[in-house]
Amino acid sequence: MAVIARARIAEELSKLLGSDRVVTDEQVLRESSLDRYRKYEQCMGVFTQPIPAAVVYAESAEEVSRVLTFCHANEINVVPRTGHSAIEGGLETALEDSVVLDGSRMDQYTVDPVNMQVTCGCGVPLQALDDALRAQGLTTGHSPQSKPLAQMGGLVATRSIGQFSTLYGGIEDMIVGLEAVFPNGEICRIKNVPRRSVGPDIRHIICGNEGALCFITEVTVKLFPWMPENNRYISYQLPDEEMELGFSCLREVMTAGYRPSFARLYDGADAYSHFSGWLEEGKAMLIWMCEGPAGVSAATEAGIRELMARHPQLEEVDPDRIQQWYATLNWGPEQIAREREEIIATHNIGITTEISGSWSVIYQIYASVKERLLSEVPDITFVGGHSSHSYINGTNVYFTYYYNVVDCPPEEEINKYHNLINRIICQETLRFGGSISHHHGLGKARAHYVREEYGSSYYMLKTLKQAFDPDGIMNMGTLIPLRK
Amino acid sequence: MMLLLGCFKVVPDLDRVPGKVWRKVSGTAVDTDYLPRIISFQDESALELMLRCADRAPDDLRTELEALTLGDRRCDPFLKNLYALGFARAMRIEGSAAAVCPEDTAAELAAVCRDRRPDLIVTGCQSSDGGSGLVPLFLAETLGIPCVTQVLDFTLLSDGRVEVRHQGDEGIAVRRVRTPCVLAVGNAACTYLRFPTVKAKLSLGRQPATVLPPVGEETMAGLRLQSLRGPDRKRAGVVMEGDTAEERVRRFLARYGKEWGLL
Amino acid sequence: MSVCILINGFSPAWKENAAGVISLAEGLDCPRCIQFLPEGQAPLPIPAEETTILTALHYETEPVLSALTQIYREDEVWVFDRSMACAELAPRLAARRGGACALSVSSLTREGSWQVRRGCYSSHLEGEYQVLRTPLFVTAAPGLSAPLAENGPGAVHWVRLETIPPERVEPAEIAAPLSRSKRLIALGRGAGSEANCREALRLAEDMNFDLGISRAAAMNGWLSLDRLVGVSGAIAHPEICIACGVSGAPALYAGLEKSRRILAINRDLHAPICRQADAVIQGDCIEVLRLLSQFRREGVSPRSEEPR
């Protein structure tokens with residue numbers, strides 16, 4: 001695709017930014033050609049995607065602009081990256097001789113406690129940021145499971161969501177102003193104001209663009225007070241056969257006007273994997289957490305308990321159990337390393353796919369996906385699901401599934417199993433009118449379904465892409481699939 | 001036909017405990033109820049090695065696999081999983097694995113072994129919740145049979161013996177051992193237990209675990225826990241600053257290189 | 001009730017192991033020593049009033065066990081070294097004599113009844129236990145050490161055993177036990193692959209360091225079990241230890257904590273090792289090792305510290 005030779009790409013980038021910013025080590029390039037979507041290939045040391053020509057580290061918006069201008073002029077595909085924790089193929093270098101533009105060194109941030117905002121370079125690691133904020137009695141309120149690895153740029157680019165979103169919202173509710181660089185080198189800054197009505201909200205061209213329209217260099221997000229001493233936990237177990245009741249309980253809490261921070265429903269299989277220390281098999285779990293000023297969290301807790309008391313199928317669970325469990329939730333590098341070793345030894349692999357839907361369709365989506373996965377996918381060893389983000393008008397479902405890779409070379413695993421599973425999940429979700437991606441992003445994995453997902457509004461997405469990236473150099477294959 | 005019996009312990013996944021919990025301990029127990037359950041690492045290796053051994057047994061040698069644990073109903077999903085993997089029998093002696101001393105555990109396991117009469121008893125050397133390391137040896141003594149520890153792998157021989165590869169003080173040795181005997185598995189590389197499919201679980205894994213009453217004689221415990229404490233391992237932990245690895249390494253060598261004898 | 005100490009002379013680490021037993025038995029009355037020795041070897045210089053030596057061409061558990069059962073004296077407390085052989089013998093003798101047994105004991109005292117201390121909860125904690133009955137058979141925990149006194153083995157009594165050799169023995173990959181290492185790199189699962197481990201081995205040689213591994217790395221089959229460091233392997237006392245891609249879990253850390261200085265290399269500053277080291281470099285462990293090796297080799301004089 002690039003109009004200059006592969007070897008010259010790294011050379012020219014070195015002249016632009018300095019050779020200490022350009023990496024051409026073979027192993028680094030291989031690892032930079034994919035993300036956790038191709039987890040099995042990666043564990044088996046197989047790299048099926050075109051290997052990028054270079055990884056280049058930019059340290060300012062101006063440097064990003066110079067790199068993008070250069071790539072634009074030479075028709076080089078660019079993949080923006082910060083924390084490298086993406087899981088839907090968004091970071092795959094789908095075209096030959098791509099360049100991975102890494103912003104992880106832009107890791108400065110400034111806290112503004114008066115205006116309750118923090119301005120972050122795209123490379124600010126969320127865990128480090130939130131740990132520092134908590135020490136000052138503040139928090140971003142954003143706590144995705146990838147927190148130990150993720151950085152701000154990627155979190156905004158993928159429209160990520162955290163575990164407490166039911167109170168704090170997703171990243172889209174948290175962003176104030178942004179700065180991004182477009183493929184033609186244009187650096188655009190959107191200022192920090194609480195709200196405005198000056199035309200369409202252009203922040204949403206940037207938030208969720210998954211690197212297909214621009215490179216995010218800076219983001220300002222809101223801050224909230226951090227009051228963990230007021231946290232309350234409420235939990236019930238119920239028979240797995242009552243999952244429909246479970247969804248209806250989630251809905252009851254939301255439509256009654258309560259805003260817990262954490263609202264979850266685990267089906268029996270998923271619940272067991274978390275709570276095997278004390279939970280029997282065949283029991284689903286409902287869990288809520290209330291946060292905020294003491295009066296508010298107490299009232300929320302009392303309200304939820306009152307609503308749930310009307311359901312005899314629910315059996316209360318000791319809140320201390322939930323509080324202890326909660327501390328063990330996030331995945332750090334040690335767990336990822338252990339998972340990798342297990343995959344290599346057992347050829348059994350676990351993946352997740354999340355979707356969303358209105359209250360009236362969500363249970364049907366969950367039930368029909370589960371049935372189809374169990375009957376149509378070969379060698380499947382586990383299927384479970386949970387809801388983790390509720391709204392007044394619906395919720396998400398996060399499917400977890402494991403399968404043995406049997407009689408299948410690593411290069412073919414993705415088609416034999418992973419893509420088949422995704423196809424089933426997307427088909428069922430679209431059939432009932434839900435969305436095929438709640439918060440992981442379309443990436444390249446689900447870009448194949450973009451037209452069905454968008455329907456007539458696909459015109460708007462396509463036009464954005466044509467407007468901002470007319471020469472097709474930004475993360476090609478993401479959002480809009482490549483033509484075969 | 002050779003009968004192989006695997007003894008395993010279900011333990012809490014202690015790797016998930018946040019560090020600060022260990023620093024705040026008091027009394028004689030740490031609450032681990034909230035942690036997910038797993039099979040103790042070396043016991044898991046033992047079960048996987050049994051399956052591999054059965055997979056490659058000579059054609060003229062039929063093998064049957066059984067599994068045994070001491071514990072409460074939290075063990076049942078693991079036993080059903082073993083049925084789904086092709087174990088012929090999965091048994092549980094009713095009791096609390098954490099509360100029973102190694103002497104009593106061995107006595108309970110021995111009672112079942114006398115009943116089942118396995119040719120080979122396979123288990124882990126030491127449970128991953130920091131166990132005593134005594135059970136396999138007490139079990140062997142109670143049954144009056146040999147025991148090989150730190151086993152890495154084993155193969156059945158047509159003459160009824162078993163060839164065992166095990167780690168010793170002088171290196172890794174291979175011995176041929178007569179059966180019945182106890183094999184206590186040590187640090188065997190790459191031996192995670194395989195996963196049964198959902199279909200196998202639905203067809204074979206529906207059988208309930210066989211629950212056996214404990215023999216329950218008077219306890220023969222040799223030790224009683226009086227108190228617990230967390231060791232203090234803190235050091236300065238000075239983090240080298242720098243935007244790149246190179247800068248941090250340079251900073252480290254500048255500050256400590258000579259003093260630490262690296263330069 | 002007197003103490004008898006038992007040392008396995010077949011183990012290449014017998015000297016460190018003996019120092020461990022001596023340390024454990026310090027302050028106790030230990031008139032007797034039992035040694036297991038390869039045939040032809042002179043008695044080990046372990047101080048005692050009398051020493052019984054079981055000697056054989058090869059080490060084999062059953063004959064040693066039978067012999068020990070016969071030479072056990074009523075009311076003796078037997079303190080074994082930390083070798084793998086002794087971890088088999090102590091429990092089996094305890095079972096035969098109706099006694100109590102504890103492995104990896106870090107402290108042995110008597111106040112009325114005997115008390116022992118040993119690790120529990122995967123070495124995260126240490127427990128103090130009351131011994132409920134005698135006789136008592138214990139093995140020493142790794143990491144203990146006390147100097148051997150000058151006195152000789154006293155009156156020596158030899159017992160020759162007939163043993164059967166193993167079918168074959170795979171010799172250890174490394175020449176000297178890592179417990180003697182003065183400069184040690186401890187490599188953990190952060191290495192990521194066998195290829196990286198092999199590179200780390202080359203870099204270690206370049207820098208004149210020994211290389212040990214964590215159980216996690218060994219369990220992947222990346223390098224030989226001989227290199228295991230920690231409670232189930234070597235306890236090292238180096239001048240400098242580089243903990244490379246290890247999380248700091250206690251089972252491994254027990255093998256490093258006696259280091260004079262520890263440098264931790266880890267991507268994750270939240271890993272427990274970072275609090276347990278003297279200095280920390282954040283980064284990919286193999287990349288940082290390469291840089292350390294390169295700067296040493298090039299004799300690059302470090303730039304003076306620049307303010308951030």
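Residues numbered from 1 in each chain as written. Chains lettered and ligands numbered in written order. Predicted model: local features only at pLDDT ≥ 70, side-chain atom pairs only at ≥ 80, totals over all residues.

Our focus in this paragraph is the overall build of chain B. Within chain B, the secondary structure is distributed over seven helices and 13 strands. When the backbone C-alpha atoms are referred to their principal axes, chain B occupies close to 70 × 45 × 40 Å. Counting the 263 residues in chain B, one finds 51% classified as buried. Intrachain contacts of chain B at a sequence separation of at least 6 include 73% that bridge at least 24 residues. (Helix = DSSP H or I, 4+ residues; strand = E, 2+ residues; numbered from the N terminus. Buried ≥ 20, exposed ≤ 12 C-beta atoms within 10 Å, placed from the backbone. Contact = placed C-beta atoms within 7 Å.)

So, on to helix α2 (residues 41-55) of chain B. Residue pairs three or four apart in sequence face the same way in an α-helix, which turns once every 3.6 residues. Residues and elements named next belong to chain B. Taking 1.5 Å per residue as the helical rise, α2 with its 15 residues ought to reach 21 Å, and the 21 Å between its terminal C-alpha atoms agrees with that figure. Among the residues making up α2, those that are buried are Phe-41, Gln-42, Asp-43, Glu-44, Ser-45, Ala-46, Leu-47, Glu-48, Leu-49, Met-50 and Cys-53. Buried-residue contacts for α2 involve β1 (2-8), β3 (37-39), β4 (63-71), β6 (120-124), β7 (147-156) and β10 (181-185). (Expected span 1.5 Å × (residues − 1).)

Turning to the domain arrangement of chain C, a few remarks are in order. Residue and element names in this part refer to chain C. Structurally, chain C comprises domain 1 (3-160) and domain 2 (178-297). Each of domain 1 and domain 2 has a C-alpha centre, and these two points are 31 Å apart. The interface of domain 1 with domain 2 comprises seven residues on the first partner and seven residues on the second. When its residues are assigned to classes, the side of domain 1 that touches domain 2 shows two nonpolar, four polar and one charged. (Domains from an automatic or database assignment. Nonpolar A, V, L, I, M, F, W, Y, C, P; charged D, E, K, R; others polar.)

Further remarks concern the nonpolar core. Residues and elements named next belong to chain A. Ranked by size, the top nonpolar core spans 136 residues in total, and within it Val-56, Val-99, Leu-101 and Ile-216 carry the most contacts. With seven residues, strand β14 (residues 283-290) is the largest single contributor of residues to this core. Ignoring sequence-local partners within four residues, the contact set of Val-56 consists of Leu-13, Leu-17, Arg-21, Val-22, Val-67, Val-99, Leu-101 and Asp-102. (Core = buried A, V, L, I, M, F, W, Y, C linked by C-beta atoms within 7 Å.)

Here we take up the interface of chain B and chain A. Counting residues at the interface gives 18 residues for chain B and 24 residues for chain A. Taken together, the residues that form the side of chain B that touches chain A break down as 11 nonpolar, one polar and six charged.

Taken together, the contact between chain B and chain C spans 66 residues of the former and 76 residues of the latter. Elements with a minimum of two residues in the side of chain B that touches chain C: α1 (19-23), α5 (135-143), β7, β8 (162-168), β9 (171-177), β12 (223-229), β13 (238-239) and α7 (245-257) of chain B. The dominant element in the side of chain B that touches chain C, judged by the number of residues it contributes, is α7(B), at 11 residues. In the side of chain B that touches chain C, the residues fall into 32 nonpolar, 18 polar and 16 charged. Here two bridges tie β13(B) to strand β15 (residues 279-282) of chain C, and the two strands are oriented parallel to one another. Note on β15(C): the bridge partner recorded for Val238(B) is Ala279(C). (Pairing = 2+ DSSP bridges.)

Here we take up the sheet that holds strand β11 (residues 183-187) of chain C. The strand order β13(B)-β15(C)-β14(C)-β13(C)-β11(C)-β12(C) describes an open sheet built from six strands, whose pairing is parallel. Since the sheet does not close on itself, it has two edges, and those belong to β13 of chain B together with β12 (210-213) of chain C, each with one partner.

Bringing the packing of α7(B) against helix α7 (residues 285-297) of chain C into the picture now. Axis angle and axis distance: for two packed helices, these are the angle between their axes and the distance between the axes, and together they describe the pair. Running from amino to carboxyl end, α7(B) crosses α7(C) at an angle of 50°, the nearest separation of the two axes being 10 Å. The angle between α7(B) and α7(C) falls in the class oblique. For α7(B) against α7(C), the interelement crossing comes out right-handed. Taking contact as the criterion, the partners of Ala245(B), Glu246(B), Val249(B) and Leu253(B) in α7(B) are, on α7(C), Glu287(C), Val288(C), Leu291(C), Leu292(C) and Phe295(C). (Axes fitted to C-alpha atoms, helices over the stretch in contact; angles between N-to-C directions. Parallel < 35°, antiparallel > 145°, perpendicular 65-115°, else oblique. Left-handed = near helix turned anticlockwise from the far one by under 90°.)

Residues and elements named next belong to chain A. The sheet built from five strands is open, its strands ordered β5-β6-β10-β8-β9 with antiparallel pairing. Among the strands making up the open sheet, the edge pair consists of β5 (109-112) and β9 (187-190). For this sheet, the mean inter-axis angle between neighbouring strands, taken without regard to orientation, is 10°. In terms of strand pairing, strand β6 (residues 117-121) meets strand β10 (residues 215-222) through five bridges, oriented antiparallel. The partner of Gly-121 across the bridge, within β10, is Glu-218. Sitting on the sheet, helix α4 (residues 61-73) is in contact with β8 (175-181), β9 and β10, with an inclination near 40° to β8.

Let's shift gears to the environment of His347(A). Residue and element names in this part refer to chain A. Its location among the elements puts His-347 in the loop between α14 (333-346) and β16 (348-358). His-347 sits in the buried class, given 20 other C-beta atoms within 10 Å. Through-space distance from the C-alpha of His-347 to that of Asn-404 is 5.7 Å; in sequence the pair is 57 residues apart. Setting aside its immediate chain neighbours within four residues, His-347 contacts Asn-404 and Val-405.

Below, the discussion takes up the environment of Glu126(C). You can see Glu126(C) is positioned in strand β7 (residues 125-131). Taking the C-beta count within 10 Å as the criterion, Glu126(C) has 19 such neighbours and is therefore assigned partly exposed. When residues no more than four places from it in sequence are discounted, the contact partners of Glu126(C) are Arg229(B), Pro231(B), Ser106(C), Arg117(C) and Gly119(C).

Taken together, the six bridges between β12(B) and β7(C) define a ladder with antiparallel strand orientation. Bridging from a neighbouring strand, Ser227(B) pairs with Glu128(C) of β7(C). Here six bridges tie strand β6 (residues 113-120) of chain C to β7(C), and the two strands are oriented antiparallel to one another. By the bridge assignment for β7(C), Arg118(C) is matched with Gly127(C). Here β6(C) folds back onto β7(C) in antiparallel fashion, the turn holding four residues, of which Tyr121(C) has a positive phi close to 50°.

Our focus in this paragraph is the packing of helix α2 (residues 61-71) of chain C against helix α3 (residues 84-97) of chain C. All names here are of chain C. Remark: α2 packs on α3, axes separated minimally by 11 Å, with the N-to-C direction vectors making an angle of 45°. The pairing of α2 with α3 is recorded here as oblique in orientation. The two elements α2 and α3 cross, and the hand of that crossing is right-handed. Contact with α2, carried on its side by Thr-61, Val-64, Leu-65, Leu-68 and Thr-69, involves Glu-88, Leu-89, Arg-92, Leu-93 and Arg-96 of α3 and no other residues of that element. Residues belonging to the contact of α2 with α3 are distributed by class as follows: five nonpolar, two polar and three charged.

Pairing analysis gives seven bridges linking β8(B) to β9(B), with the strands arranged antiparallel. Note that in β9(B) the partner of Arg165(B) across the bridge is Val174(B). Counting the residues that bridge the hairpin from β8(B) to β9(B) gives two residues. The pairing of β9(B) with strand β10 (residues 168-171) of chain C spans four bridges and is antiparallel. Across the sheet, residue Val174(B) finds its bridge partner in β10(C), namely Arg168(C).

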